[in-house]
Amino acid sequence: MSITRAERLVNLVIALLSTRQFLTAEQIRETVMGYPDDASEDAYTRMFERDKAELRDLGVPLETGRASWHSPTEGYRINRDAYELPDVQLTHGEAAAVAVAAHLWQSPELHSATQSALLKLRAGGVTVDDAVPVAAMPLRTRGSESVMTKLLNAIDEGRAVRFSHRRQPGEPYASRTVEPWGIATWHGKWYLVGYDSAKEATRTFRLSRIADDVTAVGPAEAVSKPADADVREIVKQAVSSTVSGGAARVWVAEGRAHELRRIASSARPQEMNGRAGSILELPVSSWEWLARVVAGHGADALADEPRQLREQVIELLQGAVRTNRVTERKNG
């Protein structure tokens, strides 16, 4: 059975905590679930060295010493006194937050995990009031739990992912290949952040618009989040630039794009590539809506400012070109 690296590390911690003697690397390979039996000696050594380094980075007090009086071989164990945490003390607000989290994750995939966490807290004497009233969160705002699970597994394994995504409900899905960095919430919605290889740029994807066909691709440990990347801040900036508010400047051809002219707060004449037209100042309540309207007018409307609007319009037009090419190929 294949297990994730996180599960292997947990198994390793449990094994090293449960022994008083130092376990050799070979004993660990034979007894800890997660190390492949068919791995070469070099491959196992590299895997074990990475695991030891990660445990130490996590603050786990890993000790080394002779495995026995009769052998000079080095072994490993965890200093239990240094590892054990003090009793958990939650404030009323923190306990309520735990209960709210348990309410939000009632899916079949995560129900057992949340109930196990609550059971452990109660066994440790922590009062968790699961009668806290929680406003229902529609599933569509979270996205599929299976999508969430697949993405988290890929992030944990350091692998790229391929999935189908659509910018708006009702639009066709497009295939995306992304190096995932992390998942964050913003205003009750979940977002994936990563590097889109086709766009050659950082991108944010709302989980509710990702189909269930998430597939990990490429080797493990090939993807890692850049040290200076703040996933939550990236989501905040991306969402803020597409939700509402602000103003835009759009050029429209003379006698065209009346939908935009009607909502313009001002207009001044200006030629564009030899065509007569006007520069419109537009108040914006939805950047996505405005981008679709501008793109829908083709050469009769050009986004000028801000940059994010231009990029959205270009992306919509490029998507239309790709769709048209696919249709032409199907029609022969």
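Residues numbered from 1 in each chain as written. Predicted model: local features only at pLDDT ≥ 70, side-chain atom pairs only at ≥ 80, totals over all residues. Heavy atoms only, no water.

Peer 1: What should I look at first to understand the packing of aromatic side chains in this one?
Peer 2: For any pair of aromatic rings, the description rests on two quantities: the centre-to-centre distance and the angle between the ring planes. Tallied over the full model, the rule gives five aromatic pairs. Both rings, one in Y44 and one in F48, keep their centres 5.8 Å apart while their planes meet at 5°; by these two values the pair is stacked. Here Y44 pairs with F48, and both are found in helix α3 (residues 41-57), just four residues apart, close to one helical turn. This pair shows no difference in class: Y44 is buried, exactly as F48 is. A ring pair is formed by F163 and F205, whose centres lie 5.4 Å apart and whose planes are at 85°; its orientation type is edge-to-face. One end of the pair, F163, is in strand β4 (residues 160-165); the other, F205, is in strand β7 (residues 201-206), and 42 residues separate them in sequence. On the basis of relative accessible area, F163 is assigned to the buried category, the value being 1%. With relative accessibility at 2%, the residue F205 sits in the buried group. Feature note: the residues Y35, Y44, F48 and Y76 constitute an aromatic cluster, connected by ring pairs. (Phe/Tyr/Trp six-rings, centres within 6.5 Å; stacked < 30°, edge-to-face > 60°. Helix = DSSP H or I, 4+ residues; strand = E, 2+ residues; numbered from the N terminus. Buried < 20%, exposed > 50% of the residue type's maximum accessible area, 1.4 Å probe, protein only.)

Peer 1: Is there a simple way to explain the nonpolar core in this structure?
Peer 2: When a protein is soluble and globular, its nonpolar side chains tend to lie buried together. Membership of the largest hydrophobic core comes to 19 residues, with the highest contact counts inside it found for V250, V252, L260, L290, V294, L309 and V313. Contributing elements (two or more residues each) for this core: β9 (247-253), β11 (277-283), α11 (287-296), β12 (301-305) and α12 (307-330). Apart from residues lying up to four places away in sequence, V250 is in contact with L260, S278, I279, L280, L282, V294, A301, L302, A303, D304 and L309. Of all hydrophobic cores here, the second largest spans 18 residues; its members include L12, L17, L55 and Y76. (Core = buried A, V, L, I, M, F, W, Y, C linked by side-chain atoms within 4.5 Å. Contact = heavy atoms within 4.5 Å.)

Peer 1: For this particular structure, what's the right way to read the sheet that holds strand β2 (residues 62-68)?
Peer 2: Either a parallel or an antiparallel arrangement is found when strands of a sheet pair, and the pairing is made through backbone hydrogen bonds. Spatial strand order, β1-β3-β2: three strands in an open sheet with antiparallel pairing. Only two strands of the sheet have a single neighbouring strand rather than two, namely β1 (23-24) and β2. Relative to strand β3 (residues 71-78), β1 runs antiparallel, the two sharing two bridges. Pairing of T24 across the sheet is with G75, part of β3. Each of β1, β2 and β3 is contacted by helix α1 (residues 5-17), which is oriented at about 110° to β3, the strand it contacts most. (Pairing = 2+ DSSP bridges. Axes fitted to C-alpha atoms, helices over the stretch in contact; angles between N-to-C directions.)

Peer 1: Teacher, can you tell me more about the pattern of salt bridges here?
Peer 2: Should their charged atoms come close, side chains of opposite charge can pair. Throughout the structure, instances matching the rule amount to 13 salt bridges. A salt bridge links E49 to K52, with the nearest nitrogen and oxygen atoms 3.1 Å apart. Taken together, the residues span about one helical turn, with E49 and K52 both in helix α3 at a distance of three residues. Its relative accessible area of 40% is what places E49 among the partly exposed residues. Accessibility expressed as a relative area gives 7% for K52, which makes it buried. R310 serves as the salt-bridge partner of E305, at 3.9 Å between the closest nitrogen and oxygen. (Salt bridge = Lys/Arg side-chain N within 4 Å of Asp/Glu carboxyl O.)

Distances and angles like these do not, on their own, reveal function.
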